[in-house]
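# Fold and geometry: a report
Now for the letters of each chain:
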Amino acid sequence: MISKPNRSPRGPILPFLLLLLSTADASHVVSGTTARLPMSLSTVIQDLEAEGASYVTTAAFLTSQSVRRSTCSSLLRSLFSISGEGDHDDEVIYGETTAFGKKLDDDDDDEGSDADGGGSGVAIACPSRGEATVSEVSSTVVACGGTVVYVADEVDLGRGEGLFDALGPAVERLLAARAAAESGDGGGGTTLKHRPSTLIVVFTGAASAAEIESSRRLFEASAAKMLRSIIQPVAATSHRATKLSDVFDRIEYVSSNEKDVDMQLCPAGGKVGRKNSPSAREPAEVAGSVRTVVEAGLVENVGPMVEMAAKVPVKQACPRLTGNAVDLAAARVLGPLAKTCLEECLSLVRTSCGADGKKVVPEFGSLCDASVSRALRDFDAAASKTKRFQKSPVAKRIRADLLENLHSELSDVYDVQVSALQAAAFDAFRARLNKLRITPNLANDMNDAAKTSLDEFATAAKKLRPSSSASASWTGLSDQIANVRTKFARHNAERLLAARASGQFRPVPRKGVTVGMHWLLPKPFGNDYRQEPWLEHTADDLVFAPVDGVTDVGGGDVRTGDWRKGVVPAPTSGEMMYLK
């Protein structure tokens, strides 16, 4: 790989920027797509070719971790000069648009312009940070030949973190693909052998040349650490990359105020729209790069069904297609068959539930079981006609994907059915409340009505769930019952408050509390004369017990009135005496 010194933002680049600005008005957005990357690049390339573009340059737009979504959106439009005045400018929305194409009309007086006057085009892939997976970003960079427009936030530069969350794995995948292409293993095809690449680093918050130079040093220092930490291919003909210039043929550092960055993607530093630009490739060749990346297995979650109709999610990684004729035939035959079985199953269910699924089917669970069984039976019957498909891993995976997609689609209809059933149960509950008479026991009557309605909902909701184990991942029945119970209780409380505020409802007045006290008299029939008087209340300080043992009342006690505290009551009747 040819390594060239990095350019400074001053000096010789100024005339070049002026030339680019003079040609910026000739570019316009052709189309945008929201399909999955990197396959969406093929759609943009086809649109550019239809517009007469003879040569296409591809690039990936990536950002560091701290760049906000709003900043990404504004930079995407400003860096690539999308003013919003074009017919298709509104198709470029960061977070929704995965790729877009711009047509660059060459000047007729240019020495290297296309003889047919078709011009060139650029296809920009813009995976959304946080939504696109690392595999999608890495495979997109490989499909673009390693040409990247990268936005580095000043916060990430200062702390040295978050710069290479997406770019680091992409560089690792790019080096591995290049090594495979050079060795002839076929992992990177032949399109990556001699395809130069460009890295344009955009610094946010850096405007002057000194600030850009300072940010450049920080970025290259962090890049060197990243290159030491990633896994690089080991080959006799390759050297380990230690700096960015070992990976990219041309590196430019610009500020976020730059315009027409897409015109600077040429690795040779010339006009990107020229026919002899190293980055310019024929549309068929660029589309072949995308196809090579997909066929090489660099994109996860792409199997024989390949996101059919854009509404059937492939949720697991499918086996990589090899040169096995049986696997290829299984993918070609069983893929459309699985799609047909899925559509017929959903059509049968929607016939009973309605187009929006809000028509409650009491036996929805049984309907799902019968529909899934019928779809699998039709698929197995058609697949069994070719005995070689029975041992094909691709055929087994297509069937497993079909079963998973069936339950995934039916789970959405099930949620609509439960919502409709909850609405019906609430209406029935309100109708039951309207029949109640306002009495002091209204609160208890309303609670009884809520319990009756809740039991009816629970019984009906159980019939909506299919018996298969795949429904275990659906919304739990206990959660649904708890939601309905909470809704009923809240409605009861509001109705009671309204009735009490209007004066119609008066609760039963509270009754007084009666308190009863019981105690045990130790000697209900008086004292026992067989015991001495002073032994009757030995623990009572009020008993008068003189030294001589005779309990008499003195004169002083009589005068003060305290003599009654020293008198021990004694029964006078004979029947209360205890005699032997």
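Residues numbered from 1 in each chain as written. Predicted model: local features only at pLDDT ≥ 70, side-chain atom pairs only at ≥ 80, totals over all residues. Heavy atoms only, no water.

## Digging into the overall build of the chain
Formally: The helix and strand labels rest on DSSP assignments: H or I over at least four residues marks a helix, E over at least two residues marks a strand, and numbering proceeds from the N terminus. Burial classes follow relative accessibility: with a 1.4 Å probe on protein chains only, a residue under 20% of its type's maximum area counts as buried, one over 50% as exposed, and anything between as partly exposed. Computed by Shrake-Rupley with a 1.4 Å probe, the accessible areas treat only the displayed protein chains as cover when residues are assessed.
From N to C terminus, the chain includes 14 helices and seven strands. Out of the 580 residues belonging to the chain, those deemed buried represent 44%. By element, 53% of the accessible surface of the chain is carried by carbon and sulfur atoms, the whole surface being about 31000 Å².

## What to know about the nonpolar core
The condition that has to hold: The criterion is simple. A nonpolar core is a set of buried Ala, Val, Leu, Ile, Met, Phe, Trp, Tyr and Cys residues joined through side-chain atoms within 4.5 Å.
Formed by 53 residues in total, the largest nonpolar core has its most connected members in Leu-334, Phe-364, Phe-379, Leu-402 and Leu-406. Those elements that provide at least two residues to this core are helix 9 (325-353), helix 10 (364-383), helix 11 (393-434), helix 12 (442-462) and helix 13 (477-502). Ranked by the residues each element gives to this core, the list is headed by helix 11, at 14 residues. The next biggest cluster of nonpolar side chains, apart from the first, holds 49 residues, and it includes Val-30, Ala-60, Leu-199 and Val-247.

## Details of helix 6 (residues 167-183)
Heads up, the condition is: Here the expected span of a helix is defined as 1.5 Å times the quantity of residues minus one. Throughout, a contact is declared for two residues whenever any of their heavy atoms are within 4.5 Å.
Look at helix 6: 24 Å from first C-alpha to last across 17 residues, which is about the 24 Å you get at 1.5 Å a residue. Those residues of helix 6 not exposed but buried are Leu-167, Gly-168, Ala-170, Val-171, Leu-174, Leu-175, Ala-177, Arg-178, Ala-180 and Ala-181. On its buried face, helix 6 sits against strand 2 (55-63), helix 4 (134-143), strand 5 (148-152) and helix 7 (209-229).

## Observations regarding the pairing of strand 2
Two faces, one strand: in a regular strand the side chains alternate between the faces of the sheet. Selection criterion: A strand pair is defined by DSSP finding two or more bridges across the two strands.
Of all nine residues in strand 2, nine are buried; the element is thus mostly enclosed. Here strand 2 shows two buried faces, one formed by Tyr-55, Thr-57, Ala-59, Phe-61 and Thr-63 and the other by Val-56, Thr-58, Ala-60 and Leu-62. Judged from the six bridges that link them, strand 2 and strand 4 (residues 120-125) form a sheet pairing that is parallel. Pairing of Ala-60 across the sheet is with Ala-125, part of strand 4. Pairing geometry for strand 2 and strand 5, over four bridges, is parallel. Its bridge partner lying in strand 5, Thr-63 is registered against Val-151.

## Observations concerning the environment of Thr-43
Here Thr-43 lies in helix 2 (residues 40-50). It is 9.4 Å that separates the C-alpha atoms of Thr-43 and Gly-101, two residues lying 58 residues apart in sequence.

## Here's the deal with a nonpolar patch on the surface
We apply this condition: Patch membership needs two things, relative accessible area over 30% and no salt bridge, and members are linked within 9 Å if like-charged or within 5 Å if nonpolar (Val, Leu, Ile, Met, Phe, Trp, Tyr). Here, a salt bridge means any Lys or Arg side-chain nitrogen found within 4 Å of an Asp or Glu carboxyl oxygen.
Side chains of Val-513, Val-515, Met-517 and Trp-519 sit close together on the surface and give an oily, nonpolar patch of about 600 Å² of accessible area. Locating Met-517 in the fold gives a position in the loop between helix 13 and helix 14 (555-560).

## Quick notes on the pattern of salt bridges
As a working rule, side chains carrying opposite charge can pair if their charged atoms are close by. The full count for this structure, using the stated rule, is twelve salt bridges. A salt bridge links Arg-250 to Glu-252; the shortest N-O distance between them is 3.4 Å. Judged by its relative accessible area of 5%, Arg-250 falls in the buried class. Among the charged side chains, a network of salt bridges with common partners joins Glu-213, Arg-216, Arg-217 and Glu-220.

## Structural notes on unusual backbone geometry
Residues Leu-37 and Pro-38 are joined by a peptide bond in cis, for which omega reads 0°. Tracing the backbone through its elements, the reader meets Pro-38 in the loop between strand 1 (27-33) and helix 2. You will see that Ser-81, though not glycine, has its phi angle at about 55°, which is positive. With respect to the secondary-structure elements, Ser-81 resides in the loop between helix 3 (69-79) and strand 3 (99-104). Exposure remark for Ser-81: the relative accessible area of 29% places this residue in the partly exposed category.

## What to know about the environment of Ala-400
Structurally, Ala-400 can be placed in helix 11. Accessibility expressed as a relative area gives 38% for Ala-400, which makes it partly exposed. Taking C-alpha positions, Ala-400 is 10.0 Å from Leu-376, a pair spaced 24 residues apart along the chain.

## Focus on the packing of helix 4 against helix 6
Selection rule: To obtain an axis, a line is fitted to C-alpha atoms, over the contacting stretch when the element is a helix, and the angle between two such axes runs from 0 to 180 degrees between their N-to-C directions. By definition in this entry, angles of less than 35 degrees are roughly parallel, angles greater than 145 are roughly antiparallel, angles of 65 to 115 are roughly perpendicular, and the rest are oblique. Each helix crossing is assigned a hand: it is left-handed if the near helix lies turned anticlockwise from the far helix by less than a right angle, otherwise right-handed if that turn is clockwise. Gly is put with the polar residues, along with every residue not named as nonpolar or charged; the nonpolar set is Ala, Val, Leu, Ile, Met, Phe, Trp, Tyr, Cys and Pro, and the charged set is Asp, Glu, Lys and Arg.
Helix 6 packs onto helix 4 with a crossing angle of 45° between their chain directions and a minimal axis gap of 8 Å. It follows from the interaxial angle that helix 4 and helix 6 lie oblique. In terms of crossing hand, the pair formed by helix 4 and helix 6 is right-handed. Contacts from Val-134, Ser-138, Val-141 and Val-142 of helix 4 reach helix 6 at Pro-169, Ala-170, Arg-173, Leu-174 and Ala-177. Partitioning the contact of helix 4 with helix 6 into residue classes produces seven nonpolar, one polar and one charged.

## With respect to the packing of aromatic side chains
How we decide: Geometry of aromatic contacts follows a simple scheme: Phe, Tyr and Trp rings, the Trp one being its six-membered ring, pair when their centres are within 6.5 Å, and the pair is stacked under 30 degrees between planes, edge-to-face over 60, tilted otherwise.
Inspection of the entire model under this criterion finds twelve aromatic pairs. Relative to Tyr-253, the ring of Phe-219 lies with its centre 6.3 Å away and its plane at 75°, an arrangement referred to as edge-to-face. A residue pair is termed long-range when its members are at least 10 positions apart, and Phe-219 in helix 7 and Tyr-253 in strand 7 (residues 250-255) qualify at 34 residues. Grouping residues by exposure puts Phe-219 and Tyr-253 together as buried. Relative to Trp-474, the ring of Tyr-414 lies with its centre 5.0 Å away and its plane at 35°, an arrangement referred to as tilted. Of the two residues, Tyr-414 sits in helix 11 while Trp-474 sits in the loop between helix 12 and helix 13, which places them 60 residues apart along the sequence. A residue is classified by how much of its surface remains accessible, and Tyr-414, at 0% relative accessible area, is buried.

## Concerning the pairing of strand 4
The buried fraction of strand 4 amounts to six of the six residues, a majority that puts the element mostly inside the structure. Residues Ser-120, Val-122 and Ile-124 line one face of strand 4 and the alternating positions Gly-121, Ala-123 and Ala-125 line the opposite face, and both faces are buried. Two elements, strand 3 and strand 4, share six bridges in a ladder whose sense is antiparallel. Within the sheet, the bridge partner assigned to Phe-100 lies in strand 4 and is Ile-124.

## Remarks on the state of the cysteines
In plain terms, the rule: Pairs of cysteine sulfur atoms within 2.5 Å are identified as disulfides in what follows.
Tallied over the entire structure, the rule returns zero disulfides. Not engaged in a disulfide, the cysteine Cys-341 finds its nearest cysteine sulfur in Cys-345; these two sulfurs lie 9.2 Å apart. By relative accessible area, Cys-341 is classed as buried at 3%. As a non-bridged cysteine, Cys-345 has Cys-368 as the owner of its nearest cysteine sulfur, 7.5 Å distant.

## Looking at the confidence of the model for the chain
Here is the rule: What pLDDT reports is the predictor's confidence in each residue, on a scale of 0 through 100.
Of the residues in the chain, 72% reach a pLDDT of 70 or more, and the chain-wide mean stands at 76. When pLDDT is averaged over each helix and strand of the chain, the minimum, 38, is found for helix 1 (residues 13-23) and the maximum, 93, for strand 5. The model gives residues 1-25 a pLDDT under 50, and that stretch makes 38 contacts with residues more than four places away or in other chains.

## Observations concerning the packing of helix 11 against helix 12
At a closest axis distance of 10 Å, the pairing of helix 11 and helix 12 adopts a crossing angle of 155°. What the angle tells us is that helix 11 and helix 12 run roughly antiparallel. Pair helix 11 / helix 12 crosses with right-handed handedness. Contacts between helix 11 and helix 12 involve Leu-421, Gln-422, Ala-425, Phe-429, Arg-432 and Leu-433 on the former and, on the latter, Met-446, Ala-449, Ala-450, Thr-452, Ser-453, Glu-456, Phe-457, Ala-460 and Ala-461.

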